[in-house]
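Single-letter residue listing:
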Amino acid sequence: MSAVSDPHVVNVAIIGGGLMGRELAAALQRWPALIDHPVSPRLTAVCDVNPAALEWFRSVPTVTTLVTDYHDLLSDPTVDVVYVAVRHDLHEQIYTDVINAGKSLLAEKPFGIDRAAADAIVAATNAHPESFVRCSSEMPFFPGAQMALRYVQSGALGRIVEAKNSFLHSSDLDVNKPINWKRQRAFCGDAGVMNDLGLHAWHVPLRLGWVPEAVYAVLQNIVPERQGPDGVPVPCDTWDNAVLHSEVLHDGYTFPLTTETKRIDPGEKNTWVFEAIGMDGGVRFSTKNPKCVEVFSVIDVPGGGREQSWQQLDAGSQSVWPTVTGPNFESGFSDSILQMWAAFLAERAGQLGDGFGCVRPEEAAFTHRLYAAAAASHQSGNRTAV
Ligand SMILES: NC(=O)c1ccc[n+]([C@@H]2O[C@H](COP(=O)([O-])OP(=O)(O)OC[C@H]3O[C@@H](n4cnc5c(N)ncnc54)[C@H](O)[C@@H]3O)[C@@H](O)[C@H]2O)c1
């Protein structure tokens, strides 16, 4: 009997088989956890300039192609979707090549090293509507983050008093950690930690329509040198921490929105925090305690009258796309990657409905305007228009 190609199958290729490339390969092998997803992705091809990085992918049963030149993947008509996870200085060239080849793209953040690169990628996207393009940001796919988002969308906050979204690391607390490309301006970009972590902190605010008019930023380069490959100190010339205080016009009034992105926040490993406070309600979620969502209201306390109260809810396991996982079970980072891909491929297939989707090209490009305004604000010491 001849093989019949399944229209639901989507062939995925990876360019950049490092930390994040392997994460995707693992996530796709958990695809059966999703219930009634419209497509069935298969990782078939991987490219990395480092042949040693390709070895790991030999254990993935669906992978048939391992190459060191990504053009070999782009000329392969069987490849439908490409995930690119490479250094920031390579984004513009590789992303535009993928888009110009007519392949769909899930790009890694920051979607180009700077504003000009992001604009060039958006221009390529607009010129190739057959290429479905989104950018990676998985933390909002934690069930607790989705619960917090739905709380805000319900209008339960009333008039918004303030909001905050943070992404906090402490991976650079060790001053003896050697330099790598993520800590060098030439490869990471002028925006430094904002390029690394910023999109995680802006995905939800921008999707809620909280678009800042102006920012006041404080940026820090806390460790200006690190040891190079031969042990000799070299410049570590990127911003480590960035705090952006911004002003959002919403429903005819403004409220402060703070985003924090930090490589050095002692005690934090990979903590994404969202908090929104209003006159009628409030909501908080942190991946530090990933089951817990806190909501604020004024309640009747039996025998105690009306009191202000933060209450805790358990978020359970369900996020954007339903899974076979019991609804009361826990969720983690690898689940959020699976959910992000479920949303990306469902939206590409036109079947996400009003479900929460991945970062759009114009949202990603806008974050570079925010980072440029933040840099100007830090330099001048003034509030700066975006
Ligand atoms: N979404 C997230 O949570 C998250 C986390 C970490 C990194 N990232 C992003 O992912 C991207 C990659 O980061 P990473 O941590 O995986 O980096 P990495 O250094 O671990 O891996 C990058 C890989 O790309 C390969 N490479 C370099 N040039 C190439 C080329 N021309 N063609 C093919 N392969 C090439 C390298 O050999 C390396 O194996 C960056 O944009 C980064 O900001 C996202």
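Conventions adopted
- Residues numbered from 1 in each chain as written.
- Predicted model: local features only at pLDDT ≥ 70, side-chain atom pairs only at ≥ 80, totals over all residues.
- Helix = DSSP H or I, 4+ residues; strand = E, 2+ residues; numbered from the N terminus.
- Buried ≥ 20, exposed ≤ 12 C-beta atoms within 10 Å, placed from the backbone.
- Contact = placed C-beta atoms within 7 Å.
- Pairing = 2+ DSSP bridges.
- UniProt positions renumbered as here; feature names shortened; annotations may be inferred.
- Axes fitted to C-alpha atoms, helices over the stretch in contact; angles between N-to-C directions.
- Parallel < 35°, antiparallel > 145°, perpendicular 65-115°, else oblique.
- Domains from an automatic or database assignment.
- Nonpolar A, V, L, I, M, F, W, Y, C, P; charged D, E, K, R; others polar.
- Core = buried A, V, L, I, M, F, W, Y, C linked by C-beta atoms within 7 Å.
- Right-handed = clockwise from strand over helix to strand, strands pointing away.

As named in an unreviewed UniProt entry, the protein chain is Putative dehydrogenase, taken from Lysinibacter cavernae.

Looking only at helices and strands, one finds ten helices and 17 strands in the protein chain. In terms of overall dimensions, the protein chain has a C-alpha envelope of 75 × 55 × 40 Å along the principal axes. Considering the protein chain as a whole, with its 386 residues, one finds that 46% of them fall into the buried category. Here the contacts in the protein chain between residues at least 6 apart in sequence split such that 68% fall between residues at least 24 apart.

Turning our attention to the pairing of strand β8 (residues 212-220). With eight bridges joining them, β8 and strand β11 (residues 241-250) adopt antiparallel strand pairing. By the bridge assignment, Tyr216 is partnered in β11 with His245. Note: β8 against strand β17 (residues 384-385), two bridges, orientation antiparallel. The residue bridging Val215 from the neighbouring strand is Thr384, located in β17.

Here we take up the UniProt feature "domain: Gfo/Idh/MocA-like oxidoreductase N-terminal" (unreviewed entry) in the protein chain. The feature "domain: Gfo/Idh/MocA-like oxidoreductase N-terminal" (unreviewed entry), as annotated in UniProt, sits at residues 10-127 in this numbering. Annotation note: span residues 10-127, helix share 36%, strand share 21%, distance between end C-alpha atoms 23 Å.

One open sheet holds the six strands; their spatial order is β3-β2-β1-β4-β5-β6, and the pairing between them is parallel. Where the open sheet ends on each side, the last strands, each with one partner, are β3 (65-67) and β6 (133-135). Taking each pair of neighbouring strands and ignoring which way they run, the sheet shows an average axis angle of 25°. The pairing of strand β1 (residues 9-15) with strand β2 (residues 40-47) spans seven bridges and is classified as parallel. Looking at the pairing, Val10 lines up with Pro41 of β2.

On to the packing of helix α1 (residues 19-28) against helix α9 (residues 333-348). Their axes nearest at 9 Å, the elements α1 and α9 cross at an angle of 75°. Our classification of the angle between α1 and α9 gives roughly perpendicular. For the pair formed by α1 and α9, the contact residues are Glu23, Leu24, Ala26 and Ala27 on the first element and Ser334, Ile337, Leu338 and Trp341 on the second.

Quick look at the domain arrangement of the protein chain now. Along its sequence, the protein chain is organised into domain 1 (9-135) and domain 2 (139-329 + 360-385). Between domain 1 and domain 2, the C-alpha centre-to-centre distance is 26 Å. Of the residues lining the interface, 21 residues belong to domain 1; the matching set on domain 2 comes to 23 residues. Broken down by secondary-structure element, the contributors of at least two residues to the side of domain 1 that touches domain 2 are α5 (115-127) and β6. In terms of residue class, the side of domain 1 that touches domain 2 is built from eleven nonpolar, three polar and seven charged.

Attention shifts here to the sheet that holds strand β7 (residues 160-168). Taken together, the nine strands give an open sheet; going across it, the order is β16-β15-β14-β13-β7-β12-β11-β8-β17, and neighbouring strands pair in mixed fashion. In this open sheet, the two strands that pair with only one neighbour each are β16 (305-314) and β17. On the sheet, helix α6 (residues 143-153) packs against β13 (271-278), β14 (282-286) and β15 (292-301) and is oriented at approximately 165° with respect to β14. Running at roughly 60° to β8, helix α10 (residues 361-380) makes contact with β8, β11 and β17 of the sheet.

By size, the foremost hydrophobic cluster in this structure holds 101 residues, and its most contacted members are Ala13, Ile14, Ile15, Val82, Val84, Leu105 and Ala374. Considering each element in turn, this core owes the most residues, nine residues, to α9. When residues of this core are assigned to domains, at least three map to each of domain 1 (9-135) and domain 2 (139-329 + 360-385). Those residues in contact with Val84, other than ones at most four positions away along the chain, are Ile15, Gly16, Ile94, Tyr95, Val98, Leu105, Ala107 and Glu108.

Attention shifts here to the pairing of strand β4 (residues 81-84). Residue alternation in β4 divides its side chains into two sets, Val81 and Tyr83 and Val82 and Val84, and both sets are buried. The pairing of β4 with strand β5 (residues 104-107) spans four bridges and is classified as parallel. Across the sheet, the residue bridging to Val82 is Leu105, located in β5. Once you follow β4 into helix α4 (residues 91-100) and on to β5, the crossover reads as right-handed.

This paragraph deals with the environment of Gln339. One can find Gln339 in helix α9. With 16 residues separating them in the primary sequence, Gln339 and Thr323 have C-alpha atoms 9.3 Å apart. Those residues within four positions of Gln339 in sequence are excluded, and the remaining contacts are Phe141, Ser319, Val320 and Trp321.

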